[in-house]
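Single-letter residue listing:
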Amino acid sequence: MKLPEKIGSIYIIEDLYLEPDRVVWLANQLNYSGFSNNAQFKRYIGERATVSVLHEDLKKIVHSLTNTSLPLTAFRPVETLFTKFNTSDIKDMDVRQFVPHVDNDSITSSLIYLFDDRNLEFGGTAFYKHKPSGLSVLPHFPNEEVSSLMKKESLNPSLKADFVKYIKNIMYSELDVMERHPGFTGLPQSSKCWELLYMTKPKYNSQIVFPAQIFHSPVIRSTEHRKNERLTQNIFLRTK
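The shown structure was predicted, so the numbers you read here are calculated from the model rather than taken from an experiment. (Residues numbered from 1 in each chain as written. Predicted model: local features only at pLDDT ≥ 70, side-chain atom pairs only at ≥ 80, totals over all residues. Heavy atoms only, no water.)

Enquirer: Please give an account of the sheet that holds strand E3 (residues 79-85) that cites residues and values.
Expert: Judged by pairing direction, the sheet is antiparallel, and its six strands sit side by side in the order E1-E7-E4-E9-E3-E2 without closing on themselves. Strands with a single pairing partner mark the edges of an open sheet, and in this sheet they are strand E1 (11-13) and strand E2 (47-54). Across the sheet, the axes of successive neighbouring strands diverge by a mean angle of 25°, strand direction being ignored. The pairing of strand E4 (residues 108-113) with strand E7 (residues 207-211) spans five bridges and is antiparallel. Note that in E7 the partner of Ser 110 across the bridge is Val 209. Contacting E1, E2, E4, E7 and strand E9 (230-237), helix H2 (residues 56-64) crosses the sheet at an angle of about 70° to E9. (Pairing = 2+ DSSP bridges. Helix = DSSP H or I, 4+ residues; strand = E, 2+ residues; numbered from the N terminus. Axes fitted to C-alpha atoms, helices over the stretch in contact; angles between N-to-C directions. Contact = heavy atoms within 4.5 Å.)

So this is what it looks like as structure tokens:
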């Protein structure tokens, strides 16, 4: 799936695992409390668990779909990480957990849908453009376009603290928007600040791969998932 403005592509691989039910069984045996105090995930929804199995094959798949000149050996091992979300957790979510975000410590992000997708309209992953800035992608460091936008807000592109402030200004520019979409964990349609570019369907045992710096968010509807947890396996391609 090619996105506009040359921001990259979303790749969808169906029927990834030969025996996905065994992967789901493994995921359901794990302890999901170990990441509760992890600063990396404090703004993102769901609980996480990991097992000490390194996925070299998945790493190769994600790397092959990454626009990079770096060799496979330049990236860290890919751990087996699962995310589980219950709709009962929505009431405890911070409003900043609902807005589009980027995975700013990664080059490429990927996830595998491991929950029953029958008759579900939502539960996939949505991708957005920030309308006021025109940005769909936030680079790891300010490029010429972002530097110009930062200067308009009297921010210094050479200062890390100012870049972090600019990122927060974008991500938190419309925190009240979710009041118009009760029961959702992400924007199901375009808003004043965010244009919905594309939203994947959560097909069981399918994998999506996308540039980590694209604004994105899981879009879960509580009425659809009340009896159905959203279970995914998450993969992040990060340099060493």
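Enquirer: Go over the packing of aromatic side chains, please, and point to the residues and values.
Expert: Each aromatic ring pair is summarised here by two numbers: the centre-to-centre distance and the angle between the ring planes. Under the counting rule described, the total for this entry stands at four aromatic pairs. Aromatic pair Tyr 113 and Phe 115: ring centres 6.2 Å apart, planes at 90°, arrangement edge-to-face. We classify Tyr 113 as buried; its relative accessible area is 0%. Ring centres of Tyr 128 and Trp 194 lie 6.3 Å apart, and the angle between their planes is 70°; on these two criteria the pair is classed as edge-to-face. Here Tyr 128, found in strand E5 (residues 125-130), pairs with Trp 194, found in strand E6 (residues 194-199); they are 66 residues apart in sequence, far enough to count as distant. Look at Tyr 128 and you get buried, because its relative accessible area is 0%. Judged by its relative accessible area of 1%, Trp 194 falls in the buried class. Linked through ring pairs, Tyr 128, Trp 194 and Phe 215 together constitute an aromatic cluster. (Phe/Tyr/Trp six-rings, centres within 6.5 Å; stacked < 30°, edge-to-face > 60°. Buried < 20%, exposed > 50% of the residue type's maximum accessible area, 1.4 Å probe, protein only.)

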